[in-house]
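As a plain string of letters, each chain reads:
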Amino acid sequence: RASGTLHGGVEARLARAELRRGAGSARWQGRWGFLPPIPWDLEVAFAGVPMDALDLPGGGWAGSASGTATLRGSFEDPDVRLAANGDGVSIRGIGLGTVQVGGTVKGRRLVATATSDAVRLEGEATLEGRLPFRAKAELALEDVARLVPGGAPAGLRARVRGEAVAEG
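A brief look at the structure comes next.

What counts and how
The residue count restarts for each chain, going from 1 along the sequence in the order it is written. Note on the predicted model: pLDDT of at least 70 is required for a residue's local features to be given, and 80 or more for side-chain atom pairs to be given and counted; whole-chain, interface and lining totals, by contrast, use all residues. Computation of side-chain values: all heavy atoms of the structure, hydrogens and water removed. Numbered from the N terminus, helices here are DSSP runs of H or I no shorter than four residues, and strands are runs of E no shorter than two. Buried residues are those whose accessible area, probed at 1.4 Å on protein chains only, stays under 20% of the maximum for their type, while exposed residues exceed 50% and partly exposed ones sit between those limits. In this description, contact between two residues means that some pair of their heavy atoms is separated by no more than 4.5 Å. We get accessible surface area from the Shrake-Rupley algorithm with a probe of 1.4 Å; when it comes to residues, only the shown protein chains can shield them. Counted charges follow a simple rule, with Lys and Arg positive, Asp and Glu negative, and His plus the chain ends left uncounted. Where a charge sits is defined by one atom per residue type, namely NZ (Lys), CZ (Arg), CG (Asp) or CD (Glu). Here a polar contact is taken to be a pair of N or O atoms separated by no more than 3.5 Å, where protein atoms must pair a possible hydrogen donor with a possible acceptor and residues adjacent in sequence count only if both atoms sit in side chains. The rule is simple: put a 1 Å grid over the protein atoms alone, call a set of points where a 1.4 Å probe fits but cannot get out a cavity, call an open set with protein on both sides within 12 Å along at least five of seven lines a pocket, and count a residue as lining if it has an atom within 4 Å of a point. Grid points are joined across faces, edges and corners, and a volume is the space filled by probe spheres set on the points. Note that Gly is not counted as nonpolar here; it falls among the polar residues with everything else outside the nonpolar set of Ala, Val, Leu, Ile, Met, Phe, Trp, Tyr, Cys and Pro and the charged set of Asp, Glu, Lys and Arg. Like-charged residues within 9 Å of one another, or nonpolar side chains (Val, Leu, Ile, Met, Phe, Trp, Tyr) within 5 Å, are grouped into patches, provided each residue has over 30% relative accessible area and no salt bridge. Salt bridges are defined by distance alone: a side-chain nitrogen of Lys or Arg within 4 Å of a carboxyl oxygen of Asp or Glu. Pairs of strands are assigned from DSSP output, requiring at least two bridges between the strands.

**With respect to the overall build of the protein chain**
Each helix and strand counted, the protein chain has zero helices and eleven strands in total. Element order for the protein chain, N to C, with α for helix and β for strand: β-β-β-β-β-β-β-β-β-β-β. In terms of overall dimensions, the protein chain has a C-alpha envelope of 70 × 40 × 20 Å along the principal axes. The buried share of the protein chain, reckoned over its 168 residues, is 21%. Excluding contacts between residues fewer than 6 apart, the proportion of contacts in the protein chain whose partners are at least 24 apart in sequence is 29%. For the protein chain, the exposed surface amounts to about 10700 Å²; the carbon and sulfur share of it is 59%. Placing the 21 positive and 19 negative side-chain charges of the protein chain at their respective mean positions leaves the two points 3 Å apart.

**So, the side chain of D79**
Along the chain, D79 turns up in strand β6 (residues 78–91). Its relative accessible area of 18% is what places D79 among the buried residues. One polar contact links D79 to K106, side chain to side chain, over a distance of 3.4 Å.

**Re the layout of surface pockets**
What the largest pocket holds in volume is close to 390 Å³. Together, 19 residues line the largest pocket, and M51, W61, V99, V101 and A114 are the ones closest to its centre. Breaking the lining of the largest pocket down by element, the ones donating at least two residues are β5 (61–73), β6, β7 (94–106), β8 (109–115) and β9 (119–126). Looking at which element gives the most residues to the lining of the largest pocket, the answer is β6, with five residues. In the lining of the largest pocket, the residues fall into 15 nonpolar, four polar and no charged. Of the pockets and cavities examined, the second largest pocket occupies roughly 170 Å³. What lines the second largest pocket is simply L19, R20, R21, G24, S25, A26, V49, P50, A53 and L54. For the lining of the second largest pocket, the elements supplying multiple residues, two or more each, are β2 (11–21), β3 (24–33) and β4 (40–50). For the lining of the second largest pocket, the class distribution of residues is six nonpolar, two polar and two charged.

**With respect to unusual backbone geometry**
Residue P37 follows P36 across a cis peptide bond; omega there is 15°. With phi around 55°, I38 is a residue other than glycine that occupies positive phi space. Residue I38 is classed as partly exposed on the basis of its relative accessible area of 28%. In this structure, L131 takes a positive phi of about 60° despite not being glycine.

**Some words on a nonpolar patch on the surface**
Residues L6, V10, F34 and L35 make up a contiguous nonpolar surface patch of roughly 380 Å² in combined accessible area. Tracing the sequence through the fold places F34 in the loop between β3 and β4.

**Things to note about the pairing of β3**
One face of the sheet, then the other: side chains in a regular strand alternate in exactly this way. Direction of pairing for β2 relative to β3: antiparallel, over a ladder of nine bridges. For R13, the partnering residue across the bridge sits in β3 and is R31. Looking at chain direction, β3 and β4 are connected through eight bridges and run antiparallel. Its bridge partner lying in β4, A26 is registered against F46.

Given below as structure tokens:
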């Protein structure tokens, strides 16, 4: 469902749009222009979206996602914010639990984070030139056996801790 108007052929105003798939839904509203610098002011919210419907890399995702996004500014000078949560997330049978993802694009700077029960990822990049970036990953898993599909052999316990940093 959607309702909105076109103004002078140069701007679309969306009073409300809604897309449903199974138990999940996405809603958005706002406006965007068709002439340079292609201005936009949109708000998006989604809830209960099945992870397997998102066509994420790696395949085999399960769980559901909810979150919000705002797109302001323009194509030339974007101001974008995303916050999402995943509940009961697993990939190929490996349970990740609750996952949180966030990100911003402000002008030419991108910042992104992702966390779960045992992993924290963060990164930033400049979206121009040679695309310089910095990324960091931290892993602190007290019970590796819980990630073994079908469970680990009885009595097996293992812990993993580590950190990786990359720049380029």
